[in-house]
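As a plain string of letters, each chain reads:
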Amino acid sequence: LGVSGTVSTLAEASFLADGGFDDILYAVPLTPDKVDDVLALHSRLERFTVMVDHADQVTALLARTELLRTPLRVVLGVDCGYHRDGCDPHDPASVALVRTLCDAAAVRFDGLYTHGGHSYGAASSAEIVAVGEAERDVTTRFAESLRASGIEVPTVGVGSTPTCSVPPPHLAGVDEWHPGNFLYYDTSQVALGSCGLESVAVRVLTRVVGHYPKSNTLLIDCGWTGASAQGKESGYGCFPLNPELRIANLKQECGEVTSVDGAPLDFRRYPIGALLRIAPHHSCASTHQHRSVNVLGADGDTVVEEWKICKGW
């Protein structure tokens with residue numbers, strides 16, 4: 001196998017497949033309307049895996065996969081405490097669902113997958129570690145119980161960006177980690193303790209387009225359509241090169257910037273047309289507002305590559 005990745009949309013799966021990835025996990029519960037696209041990806045990739053957590057998803061999948069030459073890999077989603085998706089590992093119906101997958105010739109049960117997304121609500125590094133321990137223990141114990149009943153569990157996958165950045169003391173029984181925001185980071189991860197501001201690798205570039213001394217604000221040409229509406233309570237991010245500034249509000253295409261401490265702005269420092277760099281609150285949401293990413297060289301200013309951003313579902 002070559003390059004591996006985990007995706008949230010089938011558009012992302014196709015995008016990565018076009019880029020040379022040949023081991024992809026589609027980590028969102030599968031619905032019947034997506035089966036044709038799943039089968040197409042299965043036929044072109046060395047290894048394509050889907051996730052299910054409900055009997056109806058399995059029924060719809062098995063109804064379409066009988067003629068497959070190579071079994072489609074399927075993992076069972078497990079709820080490790082996030083309560084967004086995944087099966088209850090203590091429910092006998094979850095074991096029955098695994099047995100259905102094991103008994104079907106057209107698919108291969110490939111293990112368990114979970115996402116500790118509730119780590120984003122942690123108030124300290126200790127709480128992140130506790131979520132990581134629960135993420136590990138819930139999933140590995142379920143795997144152990146399945147194995148004790150005679151079911152092979154090839155892989156156990158866990159992971160969120162906070163729990164991978166501030167990991168538990170050990171990962172015994174875990175085969176894969178699936179952090180989503182680990183490469184970019186953002187200021188929400190800084191606040192969680194996952195990283196320092198120096199590790200945030202993405203910026204949204206914006207220009208000063210207006211001066212308003214009476215309200216002590218600058219107007220920038222970046223609104224929530226450029227940086228997303230997430231993170232208002234923490235200033236939508238920050239200006240690493242201008243820590244004296246904060247975003248007070250984002251409209252659709254414009255944003256209002258003022259001083260962090262309420263002191264009068266020296267507008268001469270931010271002339272009309274000047275560029276400011278925002279480290280966003282949530283890099284996933286902010287980059288998705290754009291068509292491409294400009295990759296900077298070692299000098300931090302020269303564009304050396306342009307990366308297209310995947311759109312669609």
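Structure's up top.
This one's a predicted model, so the numbers in the text were calculated from it and none came from an experiment.

Quick notes on the overall build of the protein
And then number 1: Helix and strand content of the protein: nine helices and 15 strands.
And then number 2: Principal-axis analysis of the C-alpha atoms places the extent of the protein at approximately 70 × 40 × 35 Å.
And then number 3: Within the span of the protein, comprising 313 residues, buried residues form 46% of the whole.
And then number 4: Pairs at least 24 apart in sequence give 61% of the contacts found in the protein among residues at least 6 apart.

Describing helix 1 (residues 10-18)
And then number 1: For helix 1, the set of buried residues is Leu10, Ala11, Ala13 and Ala17. End-on view of helix 1: buried residues confined to an arc of 160°, all on one side of the axis.
And then number 2: In the core, the buried residues of helix 1 are packed alongside strand 1 (3-7), strand 2 (21-29), helix 2 (35-44) and strand 3 (47-52).
And then number 3: At the exit of helix 1 stands Gly20, carrying a positive phi of roughly 105°.

Description of the sheet that holds strand 5 (residues 107-113)
And then number 1: Read from one edge to the other, the open sheet built from seven strands follows the order 1-2-3-4-5-6-7, with strand pairing classed as parallel. The open sheet is flanked by strand 1 and strand 7 (176-177), the only strands paired with a single partner.
And then number 2: Two elements, strand 1 and strand 2, share five bridges in a ladder whose sense is parallel. Counted as the bridge partner of Gly5 is Ile24 from strand 2.
And then number 3: Along the sheet face, helix 1 touches strand 1, strand 2 and strand 3 and points at about 175° away from the line of strand 2.

Description of helix 4 (residues 92-103)
And then number 1: For helix 4, spanning 12 residues, the distance from its first C-alpha to its last is 17 Å, which sits close to the expected 16 Å at 1.5 Å a residue.
And then number 2: Those residues of helix 4 that fall on the buried side of the exposure criterion are Ser94, Leu97, Val98 and Leu101. In an axial view of helix 4, the angular spread of the buried residues amounts to 100°, which keeps them on one side of the axis. In helix 4, the exposed positions that point more than 90 degrees away from the buried face belong to Pro92 and Asp103.
And then number 3: Tucked into the core, helix 4 has its buried residues touching strand 3, helix 3 (55-62), strand 4 (72-77), strand 5 and helix 5 (125-148).
And then number 4: With a side-chain oxygen positioned 2.9 Å from the backbone nitrogen of Ala93, the residue opening helix 4 is Asp91.

Re the packing of helix 1 against helix 2
And then number 1: Remark: helix 1 packs on helix 2, axes separated minimally by 11 Å, with the N-to-C direction vectors making an angle of 20°. Judged by the angle between their axes, helix 1 and helix 2 are roughly parallel. You can see that helix 1 and helix 2 cross each other, and the crossing is left-handed. Contacts from Leu10, Ala13, Ser14, Ala17 and Asp18 of helix 1 reach helix 2 at Asp37, Val38, Leu41 and Arg44.
And then number 2: Of the residues in the contact of helix 1 with helix 2, the class split is five nonpolar, one polar and three charged.

What to know about the nonpolar core
What tends to happen in soluble globular proteins is that the nonpolar side chains get buried as a cluster.
And then number 1: In terms of nonpolar packing, the biggest core is built from 35 residues, with Phe48, Val50, Leu76, Phe109 and Leu112 touching the most fellow members.
And then number 2: Discounting residues that sit within four places of it in the chain, Phe109 has contacts with Val74, Leu76, Val98, Leu101, Cys102, Leu146, Ile151, Glu152, Val153 and Pro154.
And then number 3: One finds Val204, Leu250, Phe267 and Ile278 within the second-largest nonpolar core, a separate group that totals 18 residues.

Conventions we followed
- Residues numbered from 1 in each chain as written.
- Predicted model: local features only at pLDDT ≥ 70, side-chain atom pairs only at ≥ 80, totals over all residues.
- Heavy atoms only, no water.
- Helix = DSSP H or I, 4+ residues; strand = E, 2+ residues; numbered from the N terminus.
- Buried < 20%, exposed > 50% of the residue type's maximum accessible area, 1.4 Å probe, protein only.
- Contact = heavy atoms within 4.5 Å.
- Arc of directions from axis to C-beta.
- Pairing = 2+ DSSP bridges.
- Axes fitted to C-alpha atoms, helices over the stretch in contact; angles between N-to-C directions.
- Expected span 1.5 Å × (residues − 1).
- Polar contact = N/O pair within 3.5 Å; in protein donor to acceptor, adjacent residues only side chain to side chain.
- Parallel < 35°, antiparallel > 145°, perpendicular 65-115°, else oblique.
- Left-handed = near helix turned anticlockwise from the far one by under 90°.
- Nonpolar A, V, L, I, M, F, W, Y, C, P; charged D, E, K, R; others polar.
- Core = buried A, V, L, I, M, F, W, Y, C linked by side-chain atoms within 4.5 Å.

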